[in-house]
Amino acid sequence: VQLQASGGGLVQTGDSLRLSCAASGGTFRSYTIGWFRQAPGKEREFVAAFRGSAATTHYLDSVKGRFTISRDTAKNTVYLQMNSLQPEDSGVYYCAADNRLILSRIRVPDDYDHWGQGTQVTVSS
């Protein structure tokens, strides 16, 4: 599976962005797709995931109610709608995919086999 992330940009506090993760080269439906972010000098952090096998969504506590992850199966694309953005949401956002993850591991970046390139999100105060 190859992943292509896009949609980042420079926005102000309170603005919205929608990130896209387009997948190719695999059967997308059964995969878990995760979004992670990494700020300078920090560890890569789980943000959200869509578990394809169960069609369930999972979020970092600090983004619940502001971010929404969704999947368009026909387009083989997973979206991350980000509303009410805050400066602490800034970072490089990556999408990742794996088709063997169990629920307890979906927040662990090292457990994902496939990664897209990052897209930069910068939220100014």
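Up top is the structure these notes are about.
Residues numbered from 1 in each chain as written. Predicted model: local features only at pLDDT ≥ 70, side-chain atom pairs only at ≥ 80, totals over all residues. Heavy atoms only, no water.

Q: Any chance you could explain the pattern of salt bridges here in plain terms?
A: One side chain can pair with another of opposite charge once the charged atoms of both are near each other. A complete count under the given rule lists 6 salt bridges for this structure. Close ionic contact of Asp 61 with Lys 64 constitutes a salt bridge, the shortest N to O distance being 3.1 Å. Look at Asp 61 and you get exposed, because its relative accessible area is 61%. For Lys 64, a relative accessible area of 48% translates into the label partly exposed. The partner of Asp 111 in a salt bridge is Arg 105, and the shortest N-O contact between them spans 2.6 Å. The exposure class assigned to Asp 111 is partly exposed, which follows from its relative accessible area of 24%. Within the structure, one salt-bridge network assembled from shared partners comprises Arg 37, Glu 45, Arg 66 and Asp 89. (Salt bridge = Lys/Arg side-chain N within 4 Å of Asp/Glu carboxyl O. Buried < 20%, exposed > 50% of the residue type's maximum accessible area, 1.4 Å probe, protein only.)

Q: Explanation requested: the state of the cysteines in the structure shown.
A: A full pass over the atoms with the stated rule returns 1 disulfide. A disulfide bridge connects Cys 21 with Cys 95, and the sulfur atoms are separated by 2.2 Å. Given an S-S torsion of about 75°, the disulfide between Cys 21 and Cys 95 has right-handed geometry. Residue Cys 21 is found in strand β3 (residues 17–24), and its partner Cys 95 is found in strand β9 (residues 91–98); the two are separated by 74 residues along the sequence. Cys 95 matches Cys 21 in its accessibility class, with the two residues each being buried. (Disulfide = S-S within 2.5 Å. Helix = DSSP H or I, 4+ residues; strand = E, 2+ residues; numbered from the N terminus.)

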